[in-house]
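# Breakdown of the fold
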Amino acid sequence: MIERMDQLSELRKLVRDKGKNGICLAFSGGVDSAVLLKVASEAGVPLLAVTFHTMLHPAADTQAAKKIAEEMGAEHLVLEIDEFQNPKVMENPPDRCYHCKYMLFEQLVHVAQERRLACVMDGTNLDDLSEYRPGLRALEEWGVLSPLAACKLGKAEVREIAAELGLSVATKPSSPCMATRFPYGQLLSRELLRQAEDAEAALKELGFYNVRVRCHNGIARIEVDQEALTDALKKKDKICTALKECGFDYVTLDLEGFRSGSMDLHIKTDET
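In short, a report on the structure. (Residues numbered from 1 in each chain as written. Predicted model: local features only at pLDDT ≥ 70, side-chain atom pairs only at ≥ 80, totals over all residues. Heavy atoms only, no water.)

## A short note on the environment of C151
Structurally, C151 is set in the loop between helix 7 (147–150) and helix 8 (155–164). Looking at C151, the relative accessible area reads 4%, which means it is buried. When the C-alpha positions of C151 and Q7 are compared, they lie 6.9 Å apart, and in sequence the two are 144 residues distant. (Helix = DSSP H or I, 4+ residues; strand = E, 2+ residues; numbered from the N terminus. Buried < 20%, exposed > 50% of the residue type's maximum accessible area, 1.4 Å probe, protein only.)

Here it is as structure tokens:
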């Protein structure tokens, strides 16, 4: 507990010092950015939380972000961005995340300049730096500061801090962009993205908390937590019915269970 308080103190100092001339925070409403918003809102510095409303993120995420920002009393702005205007994103190459992040943070930096907020921040944590995340290069190019990573705070530590701060999102599962449900090279469309989003929403209605539906040309590969695999088998008929109503031809359950970045498996293997 003492070590965690030291880390929180270090985070507070970094945010206060680097953000003294104003912070423009990329705010998804997830655990990482919520911790930063809480710390920044308590620092007494000019602050604007900005949420990207895009086709690649579930619409519910934007509403959740609005609610959290309101709870913290922070000024909040929603930026409407259409990734379909960028063919480099929609073609879904292995470096898709770079092109997408570059596009998003170009707009965020523009907002920061308009509002005269000197520092742009995001919720990248220490664990993110060791994963396949080409979007990190875009953040570096735009001069974005990632205080959680700078303070060596990983996913587990951030969740502990969120709980200590009493944040409602402390146990909220991560919600990466919907493009991560498709193999690289699969051309993205509004219809495919909506199909994946609807399928995951249906599974959550059936009681699954942490879930991904990976889409392979008409085949749904479902990932749930290991402890939920037995429940998934018990509910197989309901699951099959729900996902076929979403338009899938075949419904499969991944016996390895949920794992972040499973579509990056071959890329990670090739790089090691």
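## Let's talk about the pairing of strand 2 (residues 47–53)
In terms of burial, strand 2 is a largely internal element, 6 of the 7 residues being buried. Two strands pair when backbone bridges link them, and strand 1 (residues 23–26) and strand 2 are joined in this way by 4 bridges, in the parallel orientation. Across the sheet, the residue bridging to C24 is L48, located in strand 2. Regarding the hand of the β-α-β motif, the stretch spanning strand 1, helix 2 (residues 31–42) and strand 2 is right-handed. In this structure, strand 2 lies alongside strand 3 (residues 76–80), joined through 5 bridges in parallel fashion. When the bridges of strand 3 are listed, V50 appears paired with L77. Traced from strand 2 through helix 3 (residues 59–72) to strand 3, the parallel crossover comes out right-handed. (Pairing = 2+ DSSP bridges. Right-handed = clockwise from strand over helix to strand, strands pointing away.)

## Examining the packing of helix 2 against helix 8
Between helix 2 and helix 8, the least distance of the axes is 9 Å, while the angle of their chain directions is 50°. The angle between the axes of helix 2 and helix 8 places the two elements in the oblique class. Considering the relative orientation of helix 2 and helix 8, their crossing is left-handed. The segment helix 2 lies against helix 8, with V31, D32 and V35 engaging V158, R159, I161 and A162. Here the contact of helix 2 with helix 8 is built from residues that sort into 5 nonpolar, no polar and 2 charged. (Axes fitted to C-alpha atoms, helices over the stretch in contact; angles between N-to-C directions. Parallel < 35°, antiparallel > 145°, perpendicular 65-115°, else oblique. Left-handed = near helix turned anticlockwise from the far one by under 90°. Contact = heavy atoms within 4.5 Å. Nonpolar A, V, L, I, M, F, W, Y, C, P; charged D, E, K, R; others polar.)

## So, unusual backbone geometry
Of note in this structure, R116 is not a glycine but carries a positive phi near 60°. Mapped onto the elements, R116 comes out in the loop between helix 5 (96–114) and strand 4 (119–121). Even without a glycine there, the phi angle at N217 is positive, about 50°. As for its position among the elements, N217 is in the loop between strand 5 (211–216) and strand 6 (219–224). In this structure N217 comes out as exposed when scored by relative accessible area, which is 69%.

## Describing helix 9 (residues 190–205)
The end-to-end C-alpha separation of helix 9 is 22 Å, in line with the 22 Å expected for 16 residues at 1.5 Å each. The complete set of buried residues in helix 9 reads L193, Q195, A196, A199, E200, A202 and L203. On the buried face of helix 9, the contacting elements are strand 5, strand 6 and helix 11 (236–245). One or two steps after helix 9, the chain reaches G207, where phi turns positive at roughly 105°. (Expected span 1.5 Å × (residues − 1).)

## Description of the pattern of salt bridges
By the definition in use, this model includes 19 salt bridges. With a closest N to O distance of 2.8 Å, D17 and K13 form a salt bridge. Taken together, the residues span about one helical turn, with D17 and K13 both in helix 1 (residues 2–18) at a distance of 4 residues. Since its relative accessible area comes to 36%, D17 is described here as partly exposed. Residue D128 pairs with K155 through a salt bridge whose shortest N-O separation is 3.2 Å. Highlighted residues: D128 in the loop between strand 4 and helix 6 (135–141) and K155 in helix 8, separated in sequence by 27 residues. On the accessibility criterion, D128 (7% relative accessible area) is buried. A residue is classified by how much of its surface remains accessible, and K155, at 33% relative accessible area, is partly exposed. Beyond isolated ion pairs, a larger network of salt bridges with shared partners links R214, R221, E223, D254, E256 and R259. (Salt bridge = Lys/Arg side-chain N within 4 Å of Asp/Glu carboxyl O.)

## Some thoughts on helix 3
End to end, helix 3 covers 21 Å across 14 residues, agreeing with the expected 20 Å (1.5 Å per residue, within 8%). Listed in full, the buried residues belonging to helix 3 are D61, T62, A65, I68, A69 and M72. Seen along its axis, helix 3 keeps its buried residues to an arc of 130°; they face one direction. Residues of helix 3 that are exposed and angled more than 90 degrees away from the buried face: A60, K67 and E70. Summarising the contacts, the buried residues of helix 3 are in contact with helix 2, strand 2 and strand 3. Immediately downstream of helix 3, the backbone of G73 shows phi near 70°, a positive value. (Arc of directions from axis to C-beta.)

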